[in-house]
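The primary structure of each chain is shown beneath.
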Amino acid sequence: MATSRLDVGKAGTTEVSFVCQRCSQPLKLHHSFNTLDQALLTELAAPLVSKSDSEDTVDWVPATATQKTHATPPDDGVVSRKHVLPVRLPSTESGNGFTLLGESEPGNAENLSHRLKVTSHLFDIMSGQSDVDHPLCEECTDTLLDQLDQQLKITEDECKDYRDFLDTIGSSQEEVDEASLDEEVKQLKAEESALLQQLDSIETEHAQITDQLHKEKDESKRLDEEEEKYYKEYNEYKRQLLEFEDSQRSVDNQLKYAQAQLDKLKKTNVFNATFHIWHSGHFGTINNFRLGRLPSVPVEWNEINAAWGQTVLLLNALANKMNLKFERYRLVPYGNYSYVESLTDKSKELPLYGSGGIRFFWDKGFDQAMVAFLDCLQQFKEEVEKGDTGFCLPYKMDKGKIEDSGSGQSYSVKIQFNSEEQWTKALKFMLTNLKWGLAWVSSQFANK
């Protein structure tokens, strides 16, 4: 299909431009396109018809003067004849049998449209007669002609080869042995029959193999499903195994920690851990409770009572550890209100706690309780010496008094008719003896 465009000039005139169908460059048409007549268009629109294939050559029919300018007979003797049919083109018809394509009046739009239609129709006819779209520029035409020349040369070479082959076949007059050909045909038929039988057996085998293949595919699919199921179960068991291993490691760590704590507790002396006897200046202390009073340091009686409660509890625990039953007295640990019970007079309770005041200092019960406690400590000492003759306390005790072996001076544990300094020192010596007893019991019953 030819492509055209309208260009309006500076003077108002309208020009029609066609473009090349290959390179799309604008074309300038020859002035002869303006003088096309109906006969020429009819001739160009006529189809090319060749004669029968049985004829080797055809005659060249001379054309009219107009046709001679557009066609020349070929050189190789093969002629194509062009039949011109009386075709009437509606776009070119006129009342007197011809159409004037030139411009009769300047600026006539109808004449311009008529020329555009005629030229476009001409290019369509040319494009329909071949595989090449028209119009073409000069360069594209030269390129097309070169390509056609190459194709023509190739075709001529092929025709020459065919002719040589036909000449060779025509010149060879070999005799054909029909018997040998019949025998060869029989052999070929027998071979064909054998091949057909082999083909049937192969097709049967192929069908069997196909069935077997389907079965194997089904079996493979089943095995894949079982494998997937197996891996799911394996992953689940693996997860459970990892959880059990984590739990086992956790239990092992807890067991190790518990064993370490047990070993530590076995090495720990319960008496030393529970009852810490030490000193703070002039005071003896048990679990940080001071036992005693000084004029310069008036310790509260609640602290003294608490210290006596811890002291009674410690001596009672040591006696129970040794299965010792005290004579004459029984220790009753009761916190800040601990006391000593007399075994001769069970209604008599000797309090090991006080509240201070004048009335308290005239009360003999507190002094008797301290003397009774010192007697129980002396019984503990004697019981230990029965099993260990080398055991000896640093301070001697006798009838409520404690003797300092260094100076030989004795200090009473009674608070009446005694100074606070001496009373505090006597209690400090008493706690020192108790600490020695605690150390001996810890060494003897460490593994029990």
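Residue indices follow the written sequence of each chain, beginning from 1 at its first position. Totals for whole chains, interfaces and linings use all residues, but because this is a predicted model, local features are given only for residues with pLDDT of at least 70 and pairs of side-chain atoms are given and counted only at 80 or more. By convention in this description, side-chain values take in all heavy atoms of the structure and omit both hydrogens and water.

A. Broad picture of the sheet that holds strand β11 (residues 349–351). One open sheet accounts for 3 strands, arranged β9-β10-β11; its pairing is antiparallel. Because the sheet does not close on itself, it has two edges, and the strands there are β9 (329–332) and β11. In this sheet, neighbouring strand axes are inclined to one another by 25° on average, regardless of whether the strands run parallel or antiparallel. Two strands form a pair only when DSSP identifies at least two bridges running between them. Each helix is a run of H or I in the DSSP string that is no shorter than four residues. Each strand is a run of E no shorter than two, and both are numbered from the N terminus. Where β9 and strand β10 (residues 339–342) come together, 4 bridges link them in antiparallel fashion. Across the sheet, the residue bridging to L331 is V340, located in β10. Axis definition: a line fitted to C-alpha atoms, over the contacting stretch in the case of helices. Angles run 0 to 180 degrees between N-to-C directions.

B. Molecular detail of the pattern of salt bridges. A pair is scored as a salt bridge if a Lys or Arg side-chain nitrogen falls within 4 Å of a carboxyl oxygen belonging to Asp or Glu. Tallying each qualifying case throughout the model produces 15 salt bridges. Between K153 and D157 there is a salt bridge, with its nearest N and O atoms 3.5 Å apart. Of this pair, K153 and D157 both sit in helix α4 (residues 138–171), 4 residues apart, roughly one helical turn. Burial classes: relative accessible area under 20% of the type maximum marks a residue as buried, over 50% as exposed, and values in between as partly exposed (1.4 Å probe, protein chains only). D157 gets classed as partly exposed once you look at its relative accessible area, which sits at 37%. The network of salt bridges with common partners includes E219, R222 and E226.

C. The packing of aromatic side chains, seen in detail. Each Phe, Tyr or Trp ring (for Trp, its six-membered ring) is paired with any other whose centre lies within 6.5 Å, and the angle between the two planes then decides the class: stacked below 30 degrees, edge-to-face above 60, tilted in between. Evaluated as defined, the whole model comprises 10 aromatic pairs. Look at Y230 and Y231: their rings are 5.4 Å apart centre to centre, the planes differ by 65°, and that puts the pair in the edge-to-face class. Judged by relative accessible area, Y230 falls into the partly exposed class, the value being 48%. A relative accessible area of 42% places Y231 in the partly exposed class. Every member of this aromatic cluster is reached through a ring pair, and the members are Y230, Y231 and Y234. In this analysis the charged atom, NZ for Lys or CZ for Arg, is taken to sit over a ring once it is within 6 Å of the ring centre and within 35 degrees of the ring normal. The ring centre of F283 lies 5.7 Å from the NZ or CZ of R290, which sits over that ring.

D. Molecular detail of the pairing of strand β7 (residues 283–286). Residues F283 and T285 of β7 are buried on one face, and the alternating residues G284 and I286, pointing to the opposite face, are buried as well. Across 4 bridges, strand β6 (residues 277–280) lies against β7 in antiparallel orientation. Its bridge partner lying in β7, I277 is registered against I286. Both β7 and strand β8 (residues 289–291) contribute to a ladder of 3 bridges, which runs antiparallel. Among the inter-strand pairings, T285 is bridged to a residue of β8, identified as R290. Taken together, β7 and the strand that follows it, β8, pair antiparallel across an intervening segment of 2 residues, in which N287 is found at a positive phi of about 55°.

E. Here's a closer look at the side chain of N305. Inspection of the secondary structure assignment puts N305 in helix α7 (residues 301–321). Among all residues touching N305, those that are not within four sequence positions of it are G335, N336, L352, Y353 and G354. Residues count as neighbours in contact if any of their non-hydrogen atoms are within 4.5 Å of one another.

F. Broad picture of the packing of α7 against helix α10 (residues 420–444). One can describe the packing of α7 onto α10 by two numbers: an axis separation of 11 Å at closest approach and a directional angle of 30°. With respect to each other, α7 and α10 are oriented roughly parallel. The hand of the α7/α10 crossing is left-handed. On α10, the residues touching W301, W308, T311, L314, L315, L318 and K321 of α7 are W423, L427, M430, L431, L434, G437, L438 and V441. Amino acid classes used here: Ala, Val, Leu, Ile, Met, Phe, Trp, Tyr, Cys and Pro are nonpolar; Asp, Glu, Lys and Arg are charged; the rest, including Gly, are polar. Residues belonging to the contact of α7 with α10 are distributed by class as follows: 12 nonpolar, 2 polar and 1 charged. Here the word oblique covers every angle except those under 35 degrees (roughly parallel), over 145 (roughly antiparallel) and from 65 to 115 (roughly perpendicular). Each crossing gets its hand from how the near helix is turned against the far one by less than a right angle, where anticlockwise is left-handed and clockwise is right-handed.

G. Structural detail: a nonpolar patch on the surface. The grouping of F165, L166 and I169 at the surface amounts to a nonpolar patch, some 330 Å² of accessible area in total. Mapped onto the elements of the fold, F165 is located in helix α4. The class of F165 is exposed, set by a relative accessible area of 53%. What makes a patch is a set of residues exposed beyond 30% relative accessible area and free of salt bridges, joined within 9 Å when like-charged and within 5 Å when nonpolar (Val, Leu, Ile, Met, Phe, Trp, Tyr). The Shrake-Rupley method, run with a 1.4 Å probe sphere, supplies the accessible areas, and residue values consider only the shown protein chains as cover.

H. Main features of the confidence of the model for the protein. Per-residue confidence from the predictor is reported as pLDDT, which spans 0 to 100. Confidence along the protein averages 78 in pLDDT terms, with 75% of residues attaining 70 or more. Per-residue pLDDT stays below 50 along residues 50–107; that stretch engages in 64 contacts with residues further than four places along the chain or on separate chains.

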